[in-house]
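Residue-level listing of the chains:
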Amino acid sequence: MEIIQVKDYQEMSKKASEIIEGKINLIDKPVLGLATGSSPEGMYECLIDKYKKGEISFQNTTTFNLDEYIDLSKDNSNSYYYYMHDKLFNHIDIKSINVHLLKGMARDLREEALRYERMIRDAGGIDLQVLGIGVNGHIGFNEPGTKFTNRTGVVELNELTRQANLRHFQSLDQVPTHAITMGIETIMDSKEILLLAFGKEKSRAVKGMIHGDVDEHLPASVLQKHQKVTIIADEAALSNV
Ligand code: GLP
């Protein structure tokens, strides 16, 4: 694992966007795995900036998002479909046919998960997967206790995660109880991983991810077994390391 300590959110966002830019310029048809949440938001802003300045084009880029809530429609501002279009896709030259998100409203969610896995395979796999980390060490929506052998599928969100995500909703009963997410094994298949962690509340999870036992109780600890992981984190997130 390579750990890059940054002084603030802006530096984290800038460094992350430079890593993505490097990939896009290096590979003919780059395949990116993307994440939602507050951690990558600034990175998306930097990427839009680079696109507007003509430094980067997404014409040949394909994306797969990590996860989606079950039962939130695309136009619900809390859906990850909405987030991604609002924060990135609507502002760059990516082809909509190359944008992939799990459909949390699909009638057959098992089939949806299989379809997603197939599409990732057909695209040649993910070159670079961006991740955030939950306060409980989850990646995507793979909660503590999830099998490391899980592939894309439906999961139940635990209370800590629902509480953490409550800030985006009006009340706890509006926070979905289930999500569909790439599995740990799907994430581990990515050729490279870039994880962003910001703030004191992530410090316990970050410590476990880097130094803890590789154990299903802390999903992000599995990343110790990946061949190429870069973690960009601020001093507070690294304060227990
Ligand atoms: C959600 C997402 C995760 C994300 C996590 C942390 O639960 N499903 O993919 O990493 O939140 O979010 P934040 O970056 O807002 O702390």
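On a predicted model such as this, the values are computed, not experimentally measured, just so you know.

(A) Inspection of the pattern of salt bridges at higher detail. This model, assessed by the stated rule, comprises 15 salt bridges. As a salt-bridge pair, K14 and E18 come within 3.1 Å of each other at their nearest N and O atoms. Of the two residues, K14 and E18 are both situated in helix α1 (residues 9-26); the distance of four residues between them amounts to about one turn of the helix. A relative accessible area of 35% means that E18 is categorised as partly exposed. A salt bridge links K50 to E21, with the nearest nitrogen and oxygen atoms 2.9 Å apart. Of the two residues, K50 sits in helix α2 (residues 41-52) while E21 sits in helix α1, which places them 29 residues apart along the sequence. E21 matches K50 in its accessibility class, with the two residues each being buried.

(B) Region of the structure containing the nonpolar core. By size, the foremost hydrophobic cluster in this structure holds 62 residues, and its most contacted members are L88, F89, I139, L195, M209 and L223. Among the elements that make up this core, the one with the highest residue count is strand β9 (residues 193-197) (five residues). When sequence neighbours within four positions are dropped, the list of residues in contact with I139 reads L131, G132, I184, I187, L195, P219, A220, V222 and L223. V155, F169, V175 and A179 belong to the second-largest nonpolar core, a separate cluster that totals nine residues.

(C) Quick peek at the sheet that holds strand β5 (residues 99-100). Spatially, β1-β10-β9-β6-β2-β3-β5 is the arrangement adopted by the seven strands of the open sheet, whose pairing is parallel. Both outer strands of the open sheet, β1 (2-6) and β5, are each paired with one neighbouring strand and no more. Note that β1 and strand β10 (residues 229-234) share five bridges and pair parallel. In the sheet register, V6 faces β10, and the bridge partner there is D234.

(D) Quick look at the environment of D67. Structurally, the position occupied by D67 is in strand β4 (residues 67-69). For the pair D67 and L34, spaced 33 residues apart in the sequence, the C-alpha separation amounts to 9.0 Å. What D67 contacts, discounting residues up to four positions off in sequence, is T36, Y80, L102, G140, F141, I180 and T181. Only 3.4 Å separates the side chain of D67 from the backbone nitrogen of F141, close enough to count as a polar contact.

(E) Structural view of the packing of α1 against α2. Contact geometry of α1 with α2 gives a least axis separation of 8 Å together with a crossing angle of 55°. Overall, the two elements α1 and α2 adopt an arrangement that is oblique. The handedness of the crossing between α1 and α2 comes out as right-handed. Across from Y9, S13, K14, A16, S17, E18, I20 and E21 in α1, the residues of α2 making contact are E41, G42, M43, C46, L47 and K50. In the contact of α1 with α2, the residues fall into six nonpolar, three polar and five charged.

The rules behind the values
- Residues numbered from 1 in each chain as written.
- Predicted model: local features only at pLDDT ≥ 70, side-chain atom pairs only at ≥ 80, totals over all residues.
- Heavy atoms only, no water.
- Salt bridge = Lys/Arg side-chain N within 4 Å of Asp/Glu carboxyl O.
- Helix = DSSP H or I, 4+ residues; strand = E, 2+ residues; numbered from the N terminus.
- Buried < 20%, exposed > 50% of the residue type's maximum accessible area, 1.4 Å probe, protein only.
- Core = buried A, V, L, I, M, F, W, Y, C linked by side-chain atoms within 4.5 Å.
- Contact = heavy atoms within 4.5 Å.
- Pairing = 2+ DSSP bridges.
- Polar contact = N/O pair within 3.5 Å; in protein donor to acceptor, adjacent residues only side chain to side chain.
- Axes fitted to C-alpha atoms, helices over the stretch in contact; angles between N-to-C directions.
- Parallel < 35°, antiparallel > 145°, perpendicular 65-115°, else oblique.
- Left-handed = near helix turned anticlockwise from the far one by under 90°.
- Nonpolar A, V, L, I, M, F, W, Y, C, P; charged D, E, K, R; others polar.

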